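# Inside the fold
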Amino acid sequence: MTFADLGLSPKVLSAVTDAGYTQPTPIQAGAIPHALLGKDILGIAQTGTGKTASFVLPMLTRLENGRARARMPRTLILEPTRELAAQVEENFIRYGKNHKLNIALLIGGVSFDEQNKKLERGVDVLIATPGRLLDHRERGKLLLNGVEILVIDEADRMLDMGFIPDIERICEMIPFTRQTLFFSATMPPEITKLTEKFLHAPVRVEVSKAASAATNITQRLVKSGSKPWDKRETLRNLIKAEDAELKNAIIFCNRKIEVSELFRSLLKYDFDAGALHGDMDQRARMQMLANFRDGKLRYLVASDVAARGLDIPDVSHVFNYDVPIHAEDYVHRIGRTGRAGRSGKSFTIATKSDTKYIDAIERLIGNKIEWHDGDLSTVVASEGGEDDAPRRGKGAPRRAGRKDDDRSREKGGERKPRERHAKRSEDTAPETVREDQPVAEVAAAAADVGERRSRKEAIRSENTERKSSDRNEQRAPERGDTRPQRDNSRPARQRHQEDNDSTVGFGDDMPAFMRIVAKV
Ligand code: AMP
């Protein structure tokens with residue numbers, strides 16, 4: 001089957017040809033003809049399957065007739081995160097290059113003014129995160145009764161993030177006669193209920209089992225001692241061993257505190273690393289991603305929330321610095337490599353306390369994951385209590401009684417080891433990375449290739465102000481259990497915010513139930 005067989009318009013076909021696609025993927029072949037006929041679609045597919053084009057291409061074709069009116073968008077695409085929303089916008093720009101469509105992106109973290117101006121001009125394609133969309137609506141800047149096509153993307157992710165009440169509200173604001181294109185990687189009961197309520201006789205297109213891990217990815221478990229310095233050392237050794245095959249890597253951590261610590265540690269060891277999590281402002285996040293995509297950064301340390309669903313086509317390695325607590329996250333993480341038919345490698349660093357999480361992952365993917373170099377029974381208990389070598393080189397006390405040859409060689413022999421495989425350029429290299437420096441700041445600085453001078457100044461001036469609040473923030477998660485446990489007593493959205501966003505309160509992502517005015 002070719003794209004020409006699907007019924008897309010000549011303008012769209014020409015853009016698809018320019019993108020270099022010759023054959024539709026299964027989700028595209030299954031969804032596009034029905035979407036063009038105006039039918040509702042229930043697409044069960046993960047990112048990486050070509051699902052974005054499966055709704056963007058028919059939408060572009062259908063938008064060729066008609067025009068937008070002020071404040072009344074013709075189509076609406078809901079995405080769970082800002083990055084995914086921006087990624088969908090890129091897709092519209094790419095495939096819509098032969099169309100003159102107005103596209104607006106309504107996401108948090110950027111000013112309302114620009115967004116209002118766009119809405120005033122009339123929007124053909126509105127891409128939004130639920131919180132910011134509702135804010136605009138409540139400010140009277142947006143009317144949803146002109147929406148002809150509604151896309152709800154990554155619905156299971158929306159559920160994880162507590163957005164379902166917002167989605168329900170939004171669905172109720174849009175005319176019943178709309179077409180709805182609904183995508184989810186998995187179909188938990190809450191999502192099934194939502195589809196039953198808001199889709200009309202949908203065509204169901206399922207492209208692969210949501211929980212299946214791609215077969216073109218080599219997966220290995222790597223044993224490690226459980227102390228942070230053990231795990232960091234294990235990671236560095238792995239990276240070193242993989243150097244010849246390693247083009248670039250995403251390194252996943254479970255919590256932002258770990259993203260922050262590992263990122264700083266990698267910088268100290270001169271790895272060409274960036275970090276991605278919700279503490280960073282939107283500009284820094286986008287810049288960081290762009291630098292990683294463009295090959296200016298070789299390693300990206302990330303949290304699940306920041307990285308899930310992102311389309312970075314050519315990632316050779318995924319390292320799980322922490323075993324994910326939720327087994328589905330494993331599938332999503334390793335799916336960042338091996339995209340578009342390429343092969344990829346994933347290494348998951350495992351400690352003795354991770355056994356139950358590994359069991360859950362293996363049950364989910366239906367396979368045992370091979371150990372890289374012996375299983376956990378061969379782990380030698382850690383003796384040390386120190387952190388990374390460079391810090392000790394700068395005066396931290398050395399504990400007596402260490403016998404680990406490798407580590408003492410590394411720590412004693414070289415004060416500041418320079419990894420030969422790190423490809424940091426002068427422009428991206430931060431100077432001293434301090435322990436109390438907010439990761440967002442260092443990360444933003446590292447992302448700003450070419451703005452070295454302003455970066456230095458920014459770090460110097462902001463450091464003083466942020467020092468105390470950052471320290472408080474970083475200490476908090478370390479109290480109590482060393483293993484991050486999901487606190488189910490709080491709503492998922494709130495957990496997400498606390499783990500990944502520095503916004504005070506809910507910011508512009510306040511859940512619907514909190515907007516209800518209390519009767520007194
Ligand atoms: P998505 O699942 O939408 O995140 O897409 C995953 C990747 O597949 C993106 O980099 C797309 O550019 C690419 N892609 C989408 N459709 C096709 C196609 N028909 N042939 C080859 N690559 C595609």
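Residues numbered from 1 in each chain as written. Predicted model: local features only at pLDDT ≥ 70, side-chain atom pairs only at ≥ 80, totals over all residues. Heavy atoms only, no water.

Going by an unreviewed UniProt entry, the chain carries the name DEAD-box ATP-dependent RNA helicase RhpA and comes from Mesorhizobium ciceri biovar biserrulae. For the record of the chain, the UniProt heading Catalytic activity (unreviewed entry) holds the text "ATP + H2O = ADP + phosphate + H(+)". Here the chain is described in UniProt, under the heading Sequence similarities (unreviewed entry), as follows: "Belongs to the DEAD box helicase family." (UniProt positions renumbered as here; feature names shortened; annotations may be inferred.)

### Some points on the overall build of the chain
Check the secondary structure of the chain and you find 20 helices and 14 strands. Counting every position in the chain, which comprises 520 residues, the buried fraction comes to 56%. A separation threshold of at least 6 residues defines the contact pool for the chain, and within that pool the share at least 24 residues apart is 76%. As presented, the chain carries roughly 23,000 Å² of accessible surface, and 49% of it is formed by carbon and sulfur atoms. (Helix = DSSP H or I, 4+ residues; strand = E, 2+ residues; numbered from the N terminus. Buried < 20%, exposed > 50% of the residue type's maximum accessible area, 1.4 Å probe, protein only. Contact = heavy atoms within 4.5 Å. Areas by Shrake-Rupley, 256 points an atom, 1.4 Å probe, with all protein chains shown as cover.)

### Structural notes on the site of the ligand
Lining the immediate surroundings of the ligand are 15 residues, of which Tyr 21, Gly 48, Gly 50, Thr 52 and Asp 311 lie closest. In this structure, an oxygen atom belonging to the ligand sits 2.8 Å away from a main-chain N or O atom of Gly 50. Relative to its unbound accessible surface of 490 Å², the ligand loses 83% to contact with the protein. Its residues assigned to classes, the shell around the ligand shows three nonpolar, eight polar and four charged. (Near = heavy atom within 4 Å. Polar contact = N/O pair within 3.5 Å; in protein donor to acceptor, adjacent residues only side chain to side chain. Nonpolar A, V, L, I, M, F, W, Y, C, P; charged D, E, K, R; others polar.)

### A closer look at the sheet that holds strand 1 (residues 41-44)
Backbone-to-backbone hydrogen bonds pair the strands of a sheet. The strands run either parallel or antiparallel. Read from one edge of the open sheet, seven strands run 3-4-2-5-6-1-7, paired in parallel fashion. Strand pairing shows two members of the sheet lacking a second neighbour, strand 3 (103-106) and strand 7 (203-206), which therefore form its edges. Across the sheet, the axes of successive neighbouring strands diverge by a mean angle of 15°, strand direction being ignored. Strand direction decides the pairing type here: strand 1 and strand 6 (residues 179-184), joined by four bridges, are parallel. From the neighbouring strand, Leu 42 faces strand 6, where its bridge partner is Phe 182. Relative to the sheet, helix 4 (residues 82-95) contacts strand 2 (75-78), strand 3 and strand 4 (125-128), its axis offset from that of strand 3 by approximately 175°. (Pairing = 2+ DSSP bridges. Axes fitted to C-alpha atoms, helices over the stretch in contact; angles between N-to-C directions.)

### A closer look at the sheet that holds strand 14 (residues 370-371)
Spatial ordering of the open sheet is given by 10-11-9-12-13-8-14, a layout of seven strands whose pairing is parallel. The open sheet has two edge strands, strand 10 (273-276) and strand 14, and neither has a second partner. The strands touched by helix 12 (residues 282-293) within the sheet are strand 9 (249-253), strand 10 and strand 11 (299-303), with strand 10 carrying the most contacts at an inclination of about 140°. Helix-sheet contacts for helix 14 (residues 327-334) involve strand 8 (217-223), strand 9, strand 12 (317-320) and strand 13 (344-350), and the interaxial angle to strand 12 is about 150°.

### Some remarks on the environment of Gly 274
As for its position among the elements, Gly 274 is in strand 10. Note: C-alpha distance between Gly 274 and Arg 264 (ten residues apart in sequence) is 9.3 Å. If we skip the residues at most four places from it in the chain, Gly 274 touches Phe 263, Met 288, Leu 297, Tyr 299, Leu 300 and Val 301.

### Some thoughts on the packing of helix 4 against helix 12
In a packed pair of helices, the relevant descriptors are the angle between the two axes and the axis-to-axis distance. In contact at an axis separation of 11 Å, helix 4 and helix 12 are set at 60° when each is read in the N-to-C sense. It follows that helix 4 is oblique to helix 12 by the angle criterion. Considering the relative orientation of helix 4 and helix 12, their crossing is right-handed. Across the interface between the two elements, Arg 82, Glu 83, Ala 86, Gln 87 and Glu 90 from helix 4 touch Gln 282, Arg 285, Met 286, Leu 289 and Arg 293 from helix 12. The class makeup of the residues in the contact of helix 4 with helix 12 is three nonpolar, two polar and five charged. (Parallel < 35°, antiparallel > 145°, perpendicular 65-115°, else oblique. Left-handed = near helix turned anticlockwise from the far one by under 90°.)

### Re the pairing of strand 3
Of the two faces of strand 3, the one lined by Ile 103 and Leu 105 and the one lined by Ala 104 and Leu 106 are each fully buried. Where strand 3 and strand 4 come together, four bridges link them in parallel fashion. Bridge pairing in strand 4 places Ile 103 opposite Val 125.

### Regarding the pairing of strand 8
Where strand 8 and strand 13 come together, seven bridges link them in parallel fashion. Note on strand 13: the bridge partner recorded for Lys 223 is Ala 350. For strand 8 and strand 14, the ladder comprises two bridges, and the chain directions are parallel. When the bridges of strand 14 are listed, Arg 220 appears paired with Glu 370.

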